[in-house]
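Below, each chain spelled out in residue letters.
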Amino acid sequence: MRTDGARPLWRSVAVGAAILSFGLLAYAMQTGAITAFDDRIIALFRVAGEPTRLLGPAWVQEMGRDVTALGSLVFLGLVTAVALGYFALTEQMAAAGELMASGASGTAGAFGLKLLFDRPRPDIVHLARTFTSSFPSGHATLSVAVFLTLAAIVSRHQTRTAVRAYVFAMTSLLIAAVGLSRVYLGVHYPSDVLAGWALGLVCAIASATCVAAWRAAPRPSPTGSKG
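Engineer: It is not clear to me how the overall build of the chain should be interpreted in this structure. Could you clarify?
Structural biologist: Across its full length, the chain carries eight helices and two strands. Along the chain, from the amino end to the carboxyl end, the secondary structure elements read α-α-β-β-α-α-α-α-α-α. By its C-alpha atoms, the chain is 85 × 35 × 35 Å across when sized along the principal axes. Here the chain holds 227 residues, and 41% of them are scored as buried. Within the chain, residue pairs in contact and separated by at least 24 positions form 74% of the contacts whose partners lie at least 6 positions apart. Of the roughly 12800 Å² of accessible surface on the chain, a fraction of 69% belongs to carbon and sulfur atoms.

Structure, rendered in structure tokens:
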């Protein structure tokens, strides 16, 4: 059985690994070391010799647009608002704070880093509209920050290991689908998505750690009345 004292350790290791991964991806992107990898992966989703044509029939391409919308700022904003309403009604303010911190830090981090790196989008036909630069992927970042935080909150109320494993497995599949859809539609390089996943993981774990520390902090005892 894992003790509560082990949690800060694995959180620190996970955050450190995610930050290191992001830094390595950013360095490889800026130096061009990852360009060949990005191009090879993108080519897997295109008809051989015809980079403007996506693999699969039109309905698969439309499905890709549907899946990618699950990581959009609008959809995740709605999910967050609905969840915050539920947490408020059930008086789970710590969970509300954790979700708000993760979503806000993910949004600020993703769009701030986009401005910093200013990487152009892939020079291929895009099947979705874009309005910002490419690195890191905002959809990938926010899908991890929001969905993983919600999965963590839900899993804390479960006592069965199988149920917790199911929650995180389904969440991981959803996050992976959103990330792959960005590459499939030609709006992101694979390294953009990998960096977004790393950044989102940092936001989710850091928010959970801060809220856990706040909950564990001693509270001042109420002043007794004079009798």
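Moving on, there is more to tell.
Engineer: Would you mind showing me how to read the environment of Pro122 here?
Structural biologist: Among the secondary structure elements, Pro122 is positioned in the loop between α5 (93–117) and α6 (138–155). Its relative accessible area of 4% is what places Pro122 among the buried residues. C-alpha of Pro122 to C-alpha of Ala176: the two residues are 54 residues apart in sequence and 20 Å apart in space. Ignoring any residue separated from it by four or fewer positions in sequence, one finds Pro122 in contact with Ile42, Ser134, Gly186, Val187, His188 and Tyr189.

Engineer: Just to check I follow, could you spell out the layout of surface pockets for this structure?
Structural biologist: With a probe scaled to a water molecule rolled over the atoms, the places where space remains empty come into view. Quantified by volume, the second largest pocket comes out at close to 350 Å³. Lining the second largest pocket are 20 residues; nearest its centre among them are Ser72, Arg129, Phe131, His139 and Arg182. At the level of secondary structure, the elements contributing two or more residues to the lining of the second largest pocket comprise α3 (58–68), α4 (73–89), α5 and α6. Class assignment for the residues of the lining of the second largest pocket results in seven nonpolar, eight polar and five charged.

Engineer: Mind showing me how you'd approach the nonpolar core here?
Structural biologist: Counting 16 residues, the largest nonpolar core has Phe22, Phe117, Phe135 and Leu199 as its most contacted members. Of all the elements in the fold, those that place two or more residues in this core are α1 (6–31), α5 and α8 (190–216). By residue number, the principal contributor to this core is α1, which donates six residues. Ignoring anything within four residues of it in the chain, the contact list for Leu199 reads Phe22, Gly109, Ala110, Leu113, Pro136 and Thr141. If you look at the next biggest cluster of nonpolar residues, it comprises 15 residues, including Leu142, Phe147, Ile153 and Ile175.

Engineer: Where do I start with unusual backbone geometry in this structure?
Structural biologist: Outside of glycine, negative phi angles account for most residues, and trans bonds account for most peptide bonds. Omega for the bond connecting Phe135 with Pro136 falls within 30 degrees of zero, at -5 degrees, which places this linkage in the cis form. Note that Pro136 resides in the loop between α5 and α6. The backbone of Glu91 shows a phi angle near 60 degrees, a positive value even though the residue is not glycine. Mapped onto the elements, Glu91 comes out in the loop between α4 and α5.

Engineer: Can you help me understand the packing of α6 against helix α7 (residues 161–184) in this one?
Structural biologist: If you want to describe how two helices pack, look at the angle between their axes and the distance between the axes. In the contact formed by α6 and α7, the axes pass within 10 Å of each other and the chain directions differ by 170 degrees. On the basis of their axis angle, the class for α6 and α7 is roughly antiparallel. Touching His139, Ser143, Val144, Phe147, Leu148, Ala151, Ala152, Val154 and Ser155 of α6 are Arg164, Val167, Phe168, Thr171, Leu174, Ile175, Val178 and Arg182, all from α7. Broken down by class, the residue content of the contact of α6 with α7 amounts to eleven nonpolar, four polar and two charged.

Engineer: What should I look at first to understand the packing of aromatic side chains in this one?
Structural biologist: Within a pair of aromatic rings, the relevant descriptors are the distance that separates the centres and the angle that separates the planes. Counted according to the given criterion, the structure contains five aromatic pairs. Measuring from ring centre to ring centre gives 5.5 Å for Phe22 and Phe135, while their planes differ by 45 degrees; the resulting arrangement is tilted. Taken together, the positions of Phe22 in helix α1 and Phe135 in the loop between α5 and α6 put the pair 113 residues apart, joining distant regions of the chain. Both residues of the pair, Phe22 and Phe135, belong to the buried class. A connected cluster of aromatic rings, assembled from ring pairs, spans Phe22, Phe117 and Phe135.

Cut-off values and rules
- Residues numbered from 1 in each chain as written.
- Predicted model: local features only at pLDDT ≥ 70, side-chain atom pairs only at ≥ 80, totals over all residues.
- Heavy atoms only, no water.
- Helix = DSSP H or I, 4+ residues; strand = E, 2+ residues; numbered from the N terminus.
- Buried < 20%, exposed > 50% of the residue type's maximum accessible area, 1.4 Å probe, protein only.
- Contact = heavy atoms within 4.5 Å.
- Areas by Shrake-Rupley, 256 points an atom, 1.4 Å probe, with all protein chains shown as cover.
- 1 Å grid on protein atoms, 1.4 Å probe; cavity = no way out; pocket = protein on both sides within 12 Å on 5 of 7 lines; lining within 4 Å.
- Points joined across faces, edges and corners; volume = space filled by probe spheres on them.
- Nonpolar A, V, L, I, M, F, W, Y, C, P; charged D, E, K, R; others polar.
- Core = buried A, V, L, I, M, F, W, Y, C linked by side-chain atoms within 4.5 Å.
- Axes fitted to C-alpha atoms, helices over the stretch in contact; angles between N-to-C directions.
- Parallel < 35°, antiparallel > 145°, perpendicular 65-115°, else oblique.
- Phe/Tyr/Trp six-rings, centres within 6.5 Å; stacked < 30°, edge-to-face > 60°.

This is a description of form; function is not addressed.
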